[in-house]
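Structural characterization, general
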Amino acid sequence: MGYDLVIRGGTVGTATGVFKADVAIADGKIAAIGVDLPAGEREVSAHGKYVLPGGIDTHSHVEQVSAGGLLNADTFESATTSAAFGGNTTLISFAAQHRGLDLRKVVSDYSVLAERGALIDYAFHLIVANPDRKTIETDLPALISEGHASIKIFMTYDLMKIDDEPLLDLLLTARRNRALVCVHAENHGMISWMGKKLVEKGYVHPKYHSISHPRGSEPEAFNRLIAAAELLDQPIMIFHVATAEGVKVIRDARDRGLKVFAETCPQYLFMTKEDLDKPGMEGAKWMCSPPPREASDQQSLWQALALGDIQAISSDHAPYRFDESGKLSAGPSPNFKQIANGLPGLETRLPLMFDALVSKGRPEFAGRGLEAFVQLTATAPAAIYNLPGKGAILPGYDADMAIWDPEKTVTITHEAMHDRTGFTPFEGFVVKGWPERVFRRGDEIIADGACKASPGSGRWLARTGGIAAEPRGVLVAEMDPERNFGATLL
Ligand code: DUC
Ligand code: ZN
Ligand code: ZN
């Protein structure tokens, strides 16, 4: 068979090893990996470079309307362009149901937007904020069977939060239909109470956002969530872990054998609450939920990544401009409760992680930083969210790859970014290592500093829940008919 393309002489990185090899591509798939492969119709040199799987960013908010009615700044075209420049070839964003909305209509609306604009491959998590009978008993089972095999819920935010009882309904539906449940887990009461008290007393500056999310709000919600998931024997994914106490809850649950997956994001690895303490409103650019914490939390998160307690890194890209369309929508001097939460990050996630893991060689990874980089940003996300053919350089897999120049040093600036946020919280960070060329299903989509893919050329990826979403089959006494006087509840 003739090859369409051979990427020659690079160092190939996988989650389990690093080796010099040529990679041949035919019909958008990886056809062969080896030394001195026959010539392809097209040849690309990767000498002195790394050839790595395209990144998979599994948590990004795109063209999403917030519960408060604020449309975020990116379209599928701008977000996926930015993601591609940052070395990504797949993204999972959200179809966000708000109170009173019909979930099927929501999914169909987001699908239209993505089909029109996305230029890398994509899937959706289904945000459920209106857990009525139709959503839970009819729409979710149908949508999951059609290929949307993950649900996202919030335990906080006034207009989004799911209380304990509907949480159980959702976990049960997910179990019966084999979908993973992803959760923004923070204790709503503590955050709401603290926010009111701080504002009442005049503590309104953006830095108080971090104080208003007491660190105990994270482990409390994790524990409650995990108890509910254990009751129903349902796998869960805890989004954007930020505290050492949260890590400990996850570690303990996993030690007990529960299927609790977790991710964190660069903002929790590279920022602290001090980043919000800037003159005037400037700190609003660093406002996200949960907030960045302390240097000691960063240390715990790195350790959790190295030990496998946290399995993936996402961006939680949530682009709100620093103007009246976004962060300052309530006026030029809002109190922190009136400021949209979220940061851009699709384009910076991989370079920041490459710099830390590969170029600087974080000690927790004991010389295996490149393998860890691939695992945390591509291979594990593909496995957890069941994206067959994605996330690794293997024969038969989609030819989704990026060629990284490990010597290229870049100072991150917002002018160089391709999203529409207009700022980056990583402004001025100097990183070594950059994705120079990006291939999506064999097509070169980033080359010579330009994007070559057309909007709409990204494909929707239908997914089943896969292994991650399979229940363990271990029932607590209350759910086990042999120990609960014969009640069948699952
Ligand atoms: N927090 C969220 O819960 N979602 C989007 C961004 C953020 O900061
Ligand atoms: Zn969240
Ligand atoms: Zn989010």
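Residues numbered from 1 in each chain as written. Chains lettered and ligands numbered in written order. Predicted model: local features only at pLDDT ≥ 70, side-chain atom pairs only at ≥ 80, totals over all residues. Heavy atoms only, no water.

Moving on, we come to the coordination of the zinc ion (ligand 3). The coordination sphere of the zinc ion (ligand 3), as far as protein atoms go, consists of His59 (NE2), His61 (NE2) and Asp316 (OD), spread over 2.0 to 2.2 Å. All donors to the zinc ion (ligand 3) come from one chain, and their sequence spacing reads H-x1-H-x254-D. Metal-to-metal, the separation of the zinc ion (ligand 3) and the zinc ion (ligand 2) is 3.6 Å. Placement of His59 in the loop between strand E6 (55-57) and helix H1 (76-85) and of Asp316 in the loop between strand E13 (312-313) and helix H11 (349-359) is noted, with a sequence separation of 257 residues between them. For His59, a relative accessible area of 0% puts it in the buried group. (Donors = N, O, S within 2.8 Å, 3.2 Å for Na, K, Ca; no water. Helix = DSSP H or I, 4+ residues; strand = E, 2+ residues; numbered from the N terminus. Buried < 20%, exposed > 50% of the residue type's maximum accessible area, 1.4 Å probe, protein only.)

Each pair of aromatic rings is reported with the distance of its centres and the angle of its planes. Inspection of the entire model under this criterion finds 13 aromatic pairs. A ring pair is formed by Phe76 and Phe124, whose centres lie 6.3 Å apart and whose planes are at 90°; its orientation type is edge-to-face. Residue Phe76 is located in helix H1, and its partner Phe124 is located in strand E8 (residues 121-127); the two are separated by 48 residues in the primary sequence. For the pair Phe76 and Phe124, one class covers both residues: buried. Here Phe354 and Trp404 contribute two aromatic rings whose centre-to-centre distance is 4.6 Å and whose plane-to-plane angle is 10°, an arrangement assigned as stacked. Of this pair, Phe354 sits in helix H11 while Trp404 sits in strand E14 (residues 401-411), and the two are 50 residues apart along the sequence. A relative accessible area of 1% means that Trp404 is categorised as buried. Through a chain of ring-to-ring contacts, the aromatic side chains of Tyr50, Phe354, Phe373 and Trp404 assemble into a single cluster. Lys278 extends its terminal NZ or CZ atom over the ring of Trp286, reaching a point 3.9 Å from the ring centre. (Phe/Tyr/Trp six-rings, centres within 6.5 Å; stacked < 30°, edge-to-face > 60°. Lys NZ or Arg CZ within 6 Å of the ring centre and 35° of its normal.)

Approximately 970 Å³ is the volume found for the largest pocket. Surrounding the largest pocket, 41 residues form its lining, Ser66, Tyr157, Ile339, Ala340 and Asn341 being those nearest its centre. Only strand E9 (150-154), helix H5 (188-200) and helix H6 (208-212) provide two or more residues apiece to the lining of the largest pocket. Looking at which element gives the most residues to the lining of the largest pocket, the answer is H5, with 5 residues. A breakdown of the residues in the lining of the largest pocket according to their chemical character gives 15 nonpolar, 21 polar and 5 charged. Empty space within the second largest pocket amounts to approximately 220 Å³. The wall of the second largest pocket is formed by 15 residues, among which Phe85, Lys408, Trp434, Pro435 and Gly449 lie closest to the centre. Secondary-structure elements contributing two or more residues to the lining of the second largest pocket are E14 and strand E15 (430-440). Tallied by class, the residues present in the lining of the second largest pocket amount to 8 nonpolar, 4 polar and 3 charged. (1 Å grid on protein atoms, 1.4 Å probe; cavity = no way out; pocket = protein on both sides within 12 Å on 5 of 7 lines; lining within 4 Å. Points joined across faces, edges and corners; volume = space filled by probe spheres on them. Nonpolar A, V, L, I, M, F, W, Y, C, P; charged D, E, K, R; others polar.)

In short, shape yes, function no, at least from these values alone.
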